[in-house]
Amino acid sequence: MICVSRFLRLNQEGFALHIRRCLSSQTDGESRIARILKEKFPLASSLKVVDISGGCGAMYEVHIESNEFKGKRIIQQHQLVNQALKDEIEGMHGLRIFTDVPQH
């Protein structure tokens, strides 16, 4: 049986970890996916990657705006993103993709 003081200490450590996670700007997975997309789409004027699985890295949402999508249908734009993240997608449960062409 776990003693009360150890239980409280473990909960405080878990809480501190949760607070650090909430205050950090990006998870490792978000940073990794953003780096891959920046390399694949260097003309992207806007890029946002969000771990929507609560931090476990199972599901992400990607918002990317790039001139590289100009003249391509949405399905073709999404296929380009899927191809860029092919290796990463293998470890995911899901990926939401939002693409657009900058309005200049």
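Going by the structure above, here's the rest.
Scope of this entry: the structure provided in the associated data block. Computed from a prediction, not measured in an experiment: that's the story for all the values here.

What follows deals with the overall build of the protein chain. Check the secondary structure of the protein chain and you find 4 helices and 3 strands. Reading the helices (α) and strands (β) of the protein chain from amino to carboxyl end gives α-α-β-β-α-α-β. Looking at the 104 residues of the protein chain, the share that counts as buried comes to 27%. Approximately 7,400 Å² of the protein chain is accessible, and the part contributed by carbon and sulfur atoms is 54%.

To continue, consider the packing of aromatic side chains. A complete count under the given rule lists 1 aromatic pair for this structure. Between F41 and F69 the ring centres are 5.3 Å apart and the planes differ by 50°, which places this aromatic pair in the tilted class. With F41 in the loop between helix 2 (28-40) and strand 1 (44-51) and F69 in the loop between strand 2 (59-66) and helix 3 (74-84), this pair connects stretches of sequence that are 28 residues apart. Per residue, the accessibility class of F41 equals that of F69, and both read buried.

Sheet architecture is open: 3 strands sit in the order 1-2-3, paired in mixed fashion. The open sheet has two edge strands with one neighbour each: strand 1 and strand 3 (94-100). Recorded for the sheet is a direction-independent mean angle of 10° between the axes of neighbouring strands. With 7 bridges connecting them, strand 1 and strand 2 associate as antiparallel partners. Bridge pairing links S46 to E65 in strand 2. Sheet contacts for helix 2: strand 1 and strand 2; angle to strand 1, the most-contacted strand, approximately 155°. On the sheet, helix 3 packs against strand 2 and strand 3 and is oriented at approximately 130° with respect to strand 3.

Let's shift gears to the side chain of D51. Tracing the chain through its elements places D51 in strand 1. Since its relative accessible area comes to 7%, D51 is described here as buried. Within the local environment of D51, its side chain forms a polar contact with the side chain of S53, the two groups lying 2.4 Å apart.

On to the environment of P42, then. Within the element layout of this structure, P42 appears in the loop between helix 2 and strand 1. Each C-alpha atom of the pair P42 and E68 lies 8.8 Å from the other, and the pair is 26 residues apart in sequence.

Rules used throughout
Residues numbered from 1 in each chain as written. Predicted model: local features only at pLDDT ≥ 70, side-chain atom pairs only at ≥ 80, totals over all residues. Heavy atoms only, no water. Helix = DSSP H or I, 4+ residues; strand = E, 2+ residues; numbered from the N terminus. Buried < 20%, exposed > 50% of the residue type's maximum accessible area, 1.4 Å probe, protein only. Areas by Shrake-Rupley, 256 points an atom, 1.4 Å probe, with all protein chains shown as cover. Phe/Tyr/Trp six-rings, centres within 6.5 Å; stacked < 30°, edge-to-face > 60°. Pairing = 2+ DSSP bridges. Axes fitted to C-alpha atoms, helices over the stretch in contact; angles between N-to-C directions. Contact = heavy atoms within 4.5 Å. Polar contact = N/O pair within 3.5 Å; in protein donor to acceptor, adjacent residues only side chain to side chain.

Purely geometric numbers; function is a separate question.
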